[in-house]
Amino acid sequence: MSRSLKLGVNIDHVATLRQARGTVYPDPVEAAKICARAGADSITVHLREDRRHIQDADVYRLSKECPLPINLEMANAEEIVQIALEVQPAEVCLVPEKRQELTTEGGLDVIGNFQPLEKTVQRLQENGSLVSLFVDPDEKTLEACAQTGARVVELHTGAFCDATDPAEVAALLRKLIAGAETAHRLGLQVNAGHGINLNNLPRILTLPHLDTLNIGHSIIARAVFHGLEHAVRELIAAMNPTP
């Protein structure tokens, strides 16, 4: 059955489990194949500068063996850019990165880093990768995204997903909806990700113009108890509720 909203599964934390013991398992490539069997549309991996989970070898193996398009998350760091140019993933998502953070804490400062981002966007897109910018749903930031030549934005949903005060939740959701409308008006494909789980998904689905949700941590967490294929299928079903 066809569906319009696509799911990209982030498998970073499969590699996190492997790196915790320095073993060769669990294997992110095998995880990608399971996600494909379950109906995912793409696979996301973040090759961080500190290599805390996904390793270079994972990216090269996935480029050869993954049955789904790869979305490579990365900082605008020349070493990683060179790998992306060599691997030519279907999509590259440029994200901010701090060594001390547990996970990506906010969106890119596109305005403050416009020229280096514009250059990298051009290099990657001329090389055949669709470029996405991971940003907060700010109007001026989204306008700058369009000016870089990027064709996709991924709206950072983390603040909304982590909020607990009802008034704050409502305000952050309104901001995301406005951001999605602005991005669409600017001709940008609208993706979203960070902190999305089965509980907050129904409100995420109220965002207009969504093309892809990139979800990782909550899927891998569910997989610990229910298996990866079940966790992916469960999420896909929740993304496409029966009227």
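Remember, predicted model here, so these are calculated numbers, not experimental data. (Residues numbered from 1 in each chain as written. Predicted model: local features only at pLDDT ≥ 70, side-chain atom pairs only at ≥ 80, totals over all residues. Heavy atoms only, no water.)

Re the pattern of salt bridges
What counts here: For this analysis, a salt bridge means a side-chain nitrogen from Lys or Arg found within 4 Å of a carboxyl oxygen belonging to Asp or Glu. For each residue, the accessible area found with a 1.4 Å probe, counting protein chains only, is set against the maximum for its type, and the residue is called buried under 20%, exposed over 50%, and partly exposed in between.
All chains considered together, the criterion is met by 15 salt bridges. In this structure, Asp50 and Arg52 form a salt bridge, with 3.1 Å as the shortest nitrogen-oxygen distance. Since its relative accessible area comes to 28%, Asp50 is described here as partly exposed. Each of Asp27, Lys33, Arg61 and Glu65 takes part in salt bridges that share partners, so that together they form one network.

What to know about unusual backbone geometry
Using the following cut-off: Counting from the N terminus, the helices are the DSSP runs of H or I reaching at least four residues and the strands are the DSSP runs of E reaching at least two.
In this model, Tyr25 is joined to Pro26 through a cis peptide bond whose omega is -5°. By the element assignment, Pro26 lies in the loop between α1 (12-21) and α2 (28-38). For Arg51, which is not glycine, the phi torsion reads 55° and is therefore positive. Within the secondary structure, Arg51 is located in the loop between β2 (42-46) and α3 (56-65). Given the relative accessible area of 15%, Arg51 is considered buried. Even without a glycine there, the phi angle at His209 is positive, about 65°. With respect to the helices and strands, the residue His209 is situated in the loop between α9 (201-204) and β8 (210-215). In this structure His209 comes out as partly exposed when scored by relative accessible area, which is 35%.

Section: α3
Residues that lie three or four places apart on an α-helix share one face, since the helix turns once every 3.6 residues. Definition in use: Throughout, the arc means the angular range of directions from the helix axis out to the C-beta atoms. Every residue pair with non-hydrogen atoms within 4.5 Å of one another is taken to be in contact.
Every buried residue of α3 is accounted for by Asp58, Val59 and Leu62. Axial view of α3: buried residues confined to an arc of 100°, hence all on one face. Those residues of α3 hidden inside the fold are in contact with α1, α2, β2, β3 (70-74) and α4 (78-87).

Considerations on the packing of helix α5 (residues 114-126) against helix α6 (residues 139-148)
As a reminder of what qualifies: The axes used here are C-alpha line fits, helices contributing only the stretch in contact, and every angle between their N-to-C directions lies in the interval 0 to 180 degrees. Should an angle lie under 35 degrees it is considered roughly parallel, over 145 roughly antiparallel, and from 65 to 115 roughly perpendicular; all remaining angles are considered oblique. Gly is placed with the polar residues, together with every amino acid not listed as nonpolar (Ala, Val, Leu, Ile, Met, Phe, Trp, Tyr, Cys and Pro) or charged (Asp, Glu, Lys and Arg).
At a closest axis distance of 9 Å, the pairing of α5 and α6 adopts a crossing angle of 45°. On the basis of their axis angle, the class for α5 and α6 is oblique. Between α5 and α6, the residues in contact are Phe114, Glu118 and Val121 and Ala144, Gln147 and Thr148, respectively. Of the residues in the contact of α5 with α6, the class split is three nonpolar, two polar and one charged.

With respect to the layout of surface pockets
Rules: Only protein atoms enter the 1 Å grid, on which a cavity is a set of points fitting a 1.4 Å probe that cannot get out and a pocket is an open set with protein on both sides within 12 Å along at least 5 of 7 lines, lining residues being those with an atom within 4 Å of a point. Grid points are joined across faces, edges and corners, and a volume is the space filled by probe spheres set on the points.
Counted as a void, the second largest pocket has a volume near 190 Å³. Mapped onto the lining of the second largest pocket, the elements with two or more residues apiece are β3, β7 (189-193) and β8. Considering each element in turn, the lining of the second largest pocket owes the most residues, three residues, to β8. Here the residues of the lining of the second largest pocket sort into four nonpolar, six polar and four charged.

A few points about the packing of α6 against helix α8 (residues 166-185)
Stated formally: What makes a crossing left-handed is the near helix being turned counterclockwise from the far one by less than a right angle; a clockwise turn instead makes it right-handed.
Their axes nearest at 10 Å, the elements α6 and α8 cross at an angle of 25°. Judged on the interaxial angle alone, α8 and α6 are roughly parallel. For the pair α6 and α8, the crossing hand works out as right-handed. Where α6 approaches α8, its residues Glu139, Leu142 and Glu143 are matched on the opposing element by Gly179, Thr182, Ala183 and Arg185. Among the residues making up the contact of α6 with α8, the classes are represented as two nonpolar, two polar and three charged.

A few points about the pairing of strand β4 (residues 91-94)
Put simply, the rule is: Only when DSSP finds a minimum of two bridges between them are two strands counted as paired.
Burial along β4 is two-sided: Glu91 and Cys93 facing one way and Val92 and Leu94 facing the other are all buried. Across four bridges, the pairing between β3 and β4 is parallel. The residue of β4 that forms the bridge with Met74 is Leu94. Here β4 pairs with strand β5 (residues 130-135) via four bridges, running parallel. Residue pairing in the sheet places Val92 in a bridge with Val131 of β5.

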